[in-house]
Amino acid sequence: MLVLLLGCDQIIEIDLPEQDPVLVVNAPFTPDSVWQASVSRSQDIQRQGAPEPVTNALVLILENGVVIDTLTHSLNDIYVSAGSRKPIAGHSYTLKASAPSFADVTGNEAAPVPVAPYTIAWRDSVSVDQFEGPLGEFSFSINDPAGTRNYYALNVYQIDTIIELNDTLIQLYPVYLRVQDPTLEFDIRTGGVLFQDVTFDGSSRSIKVQISSNNHDNSILFFGFSTVTESYYRYTKTLASYYETGFNPFAEPVRIYSNMTPGMGIFCGFSSTWGLVP
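Conventions used here
- Residues numbered from 1 in each chain as written.
- Predicted model: local features only at pLDDT ≥ 70, side-chain atom pairs only at ≥ 80, totals over all residues.
- Heavy atoms only, no water.
- Helix = DSSP H or I, 4+ residues; strand = E, 2+ residues; numbered from the N terminus.
- Buried < 20%, exposed > 50% of the residue type's maximum accessible area, 1.4 Å probe, protein only.
- Contact = heavy atoms within 4.5 Å.
- Areas by Shrake-Rupley, 256 points an atom, 1.4 Å probe, with all protein chains shown as cover.
- Salt bridge = Lys/Arg side-chain N within 4 Å of Asp/Glu carboxyl O.
- Core = buried A, V, L, I, M, F, W, Y, C linked by side-chain atoms within 4.5 Å.
- pLDDT = per-residue confidence, 0-100.
- Pairing = 2+ DSSP bridges.
- Axes fitted to C-alpha atoms, helices over the stretch in contact; angles between N-to-C directions.
- 1 Å grid on protein atoms, 1.4 Å probe; cavity = no way out; pocket = protein on both sides within 12 Å on 5 of 7 lines; lining within 4 Å.
- Points joined across faces, edges and corners; volume = space filled by probe spheres on them.
- Nonpolar A, V, L, I, M, F, W, Y, C, P; charged D, E, K, R; others polar.
- Patch = residues over 30% accessible without salt bridge, like charges linked within 9 Å, V, L, I, M, F, W, Y side chains within 5 Å.
- Polar contact = N/O pair within 3.5 Å; in protein donor to acceptor, adjacent residues only side chain to side chain.
- Phe/Tyr/Trp six-rings, centres within 6.5 Å; stacked < 30°, edge-to-face > 60°.

**Quick word on the overall build of the protein chain**
Phase 1: The helix and strand inventory of the protein chain stands at three helices and 16 strands.
Phase 2: Taking all 278 residues of the protein chain together, 40% fall into the buried category.
Phase 3: Here the contacts in the protein chain between residues at least 6 apart in sequence split such that 64% fall between residues at least 24 apart.
Phase 4: Carbon and sulfur atoms make up 54% of the accessible area of the protein chain, which amounts to about 16300 Å² in all.

Laid out in structure tokens, this is it:
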């Protein structure tokens, strides 16, 4: 029976029509950094390799309909602020990009006002992982602004120093967080977590995650707690789902969220508070 089943295999080649390429603009922004964007072109589903950069685009940043900055091409697909300007928390912006042979694309987004964490603490050896390794608990509290849906992201990084030829190199590595709180959503891409204030709008909330005690004991850990926009949240969630199902041939296709019209990509804001894990 097995031989008969194997003999029934047939390879069917499907000739998919090629799609006209569109501009792909990826431009997350934060008040901590100058304006920057990646501009490339979409590619056919059957084509292998990295997307081709677009190096002759015009990328404008507008506020209240007025151009406040022009991003100039720097390297490969990267465009940076010509005037070293930075976004301002609480302000809304528009990104417009155009290039020959492509339709113009537009995105609208605001830079969120950061929510600062307080009562930052560490408790060692509160649990163990699947390998019986000790886990510590990193926690802090936030006061969520009332009346609006708020979105957040938490990432922790490990600082390592490497000495090569008498030079000291500092490298950063993401630390994978373990969560037991059902409101915290793990981001497989970065090892961090995402969450929203559905269950605690306008109130204080304690955030707790677990980290390997070995990471804490053997290196310096610092965290970035970000207030993010809905676009940032939805884009990151779908991107994490894409990475999680990328090697599963039976998974449903994942459509990456985009707020660029009519092209592809993301224009989203986040505001971060940084600190050391005690």
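Next comes the rest of the write-up.
**Examining the pattern of salt bridges**
Phase 1: Taken as a whole and assessed by the stated rule, the structure comprises six salt bridges.
Phase 2: Arginine 149 is the salt-bridge partner of aspartate 197, the closest N and O atoms lying 3.1 Å from each other. Highlighted residues: aspartate 197 in the loop between strand S13 (193-196) and strand S14 (204-212) and arginine 149 in the loop between strand S9 (134-143) and strand S10 (151-164), separated in sequence by 48 residues.
Phase 3: Residue classification places aspartate 197 among the buried positions, given a relative accessible area of 0%.

**Description of the nonpolar core**
Note on soluble globular proteins: their nonpolar side chains tend to be buried together.
Phase 1: Ranked by internal contacts, the top residues of the largest apolar core, which has 23 residues, are Leu23, Val25, Val39, Val59, Tyr93, Leu95 and Phe267.
Phase 2: Every element with two or more residues in this core is listed here: strand S1 (23-29), strand S2 (36-41), strand S3 (58-63), strand S4 (66-75) and strand S6 (92-98).
Phase 3: Among the elements that take part in this core, S1 stands out by supplying four residues, more than any other.
Phase 4: Contacts of valine 25, omitting those with residues within four sequence positions, involve Ala37, Ser38, Val39, Leu95, Ala97, Val105, Met260, Met264, Gly265 and Ile266.
Phase 5: The next biggest cluster of nonpolar side chains, apart from the first, holds 21 residues, and it includes Trp122, Leu184, Val193 and Phe225.

**Examining the confidence of the model for the protein chain**
Phase 1: Confidence in the prediction for the protein chain averages 88 pLDDT; 90% of positions are at 70 or higher.
Phase 2: Within the protein chain, helix H1 (residues 2-6) has the poorest average pLDDT of any element, 52, and S6 the best, 97.

**Description of the sheet that holds S14**
Within a sheet, each strand pairs with its neighbour through backbone hydrogen bonds, oriented either parallel or antiparallel.
Phase 1: Spatially, the three strands line up as an open sheet ordered S8-S9-S14, and their pairing is antiparallel. At either end of the open sheet lies a strand with only one pairing partner, and these are strand S8 (118-128) and S14. The mean inter-strand angle of the sheet, taken between neighbouring strand axes irrespective of direction, is 25 degrees.
Phase 2: As defined by bridge partners, S9 adjoins S14 across nine bridges and the pair is classed as antiparallel. From the neighbouring strand, glutamate 137 faces S14, where its bridge partner is glutamine 210.

**Thoughts on the layout of surface pockets**
Phase 1: The calculated volume of the second largest pocket comes to roughly 360 Å³.
Phase 2: Every residue lining the second largest pocket is counted, 19 residues in all, and those nearest its centre are Asn155, Arg189, Thr190, Tyr232 and Phe270.
Phase 3: Elements represented by at least two residues in the lining of the second largest pocket include exactly S10, S13, strand S15 (220-228), helix H3 (230-245) and strand S16 (264-276).
Phase 4: With four residues, the single largest contributor to the lining of the second largest pocket is S16.
Phase 5: Taken together, the residues of the lining of the second largest pocket break down into ten nonpolar, seven polar and two charged.

**Section: the pairing of S8**
Phase 1: With six bridges connecting them, S8 and S9 associate as antiparallel partners. Bridge pairing links arginine 123 to glutamate 137 in S9.
Phase 2: Hairpin connection, S8 to S9: the antiparallel pair is bridged by five residues, and glutamate 132 has positive phi, about 65 degrees.

**Quick look at a nonpolar patch on the surface**
Phase 1: Taken together, the side chains of Tyr176, Phe186, Ile188, Tyr242 and Tyr243 present a nonpolar region at the surface, about 520 Å² in accessible area.
Phase 2: One can find tyrosine 243 in helix H3.
Phase 3: On the accessibility criterion, tyrosine 243 (47% relative accessible area) is partly exposed.

**Points about unusual backbone geometry**
Phase 1: A cis amide bond links threonine 261 with the next residue in sequence, proline 262, at an omega value of -5 degrees.
Phase 2: For proline 262, the location among the structural elements is in the loop between H3 and S16.
Phase 3: The phi dihedral of asparagine 76 falls on the positive side, at around 55 degrees, and the residue is not glycine.
Phase 4: Locating asparagine 76 in the fold gives a position in the loop between S4 and strand S5 (78-81).
Phase 5: One non-glycine residue, threonine 119, lies in positive phi territory at about 50 degrees.

**With respect to the side chain of aspartate 181**
Phase 1: Mapped onto the secondary structure, aspartate 181 falls in the loop between strand S11 (167-175) and strand S12 (185-186).
Phase 2: Among the polar contacts made by the side chain of aspartate 181, one reaches the side chain of arginine 205 at a distance of 2.4 Å.

**With respect to the packing of aromatic side chains**
Aromatic rings considered in pairs are described by the distance between their centres and by the relative angle of their planes.
Phase 1: Per the counting criterion, the structure on display carries 20 aromatic pairs.
Phase 2: A centroid spacing of 5.3 Å and a plane angle of 45 degrees characterise the contact between phenylalanine 138 and phenylalanine 223, whose relative ring orientation is tilted. Taken together, the residues phenylalanine 138 in strand S9 and phenylalanine 223 in strand S15 connect sequence positions 85 residues apart.
Phase 3: Looking at phenylalanine 138, the relative accessible area reads 0%, which means it is buried.
Phase 4: Its relative accessible area of 1% is what places phenylalanine 223 among the buried residues.

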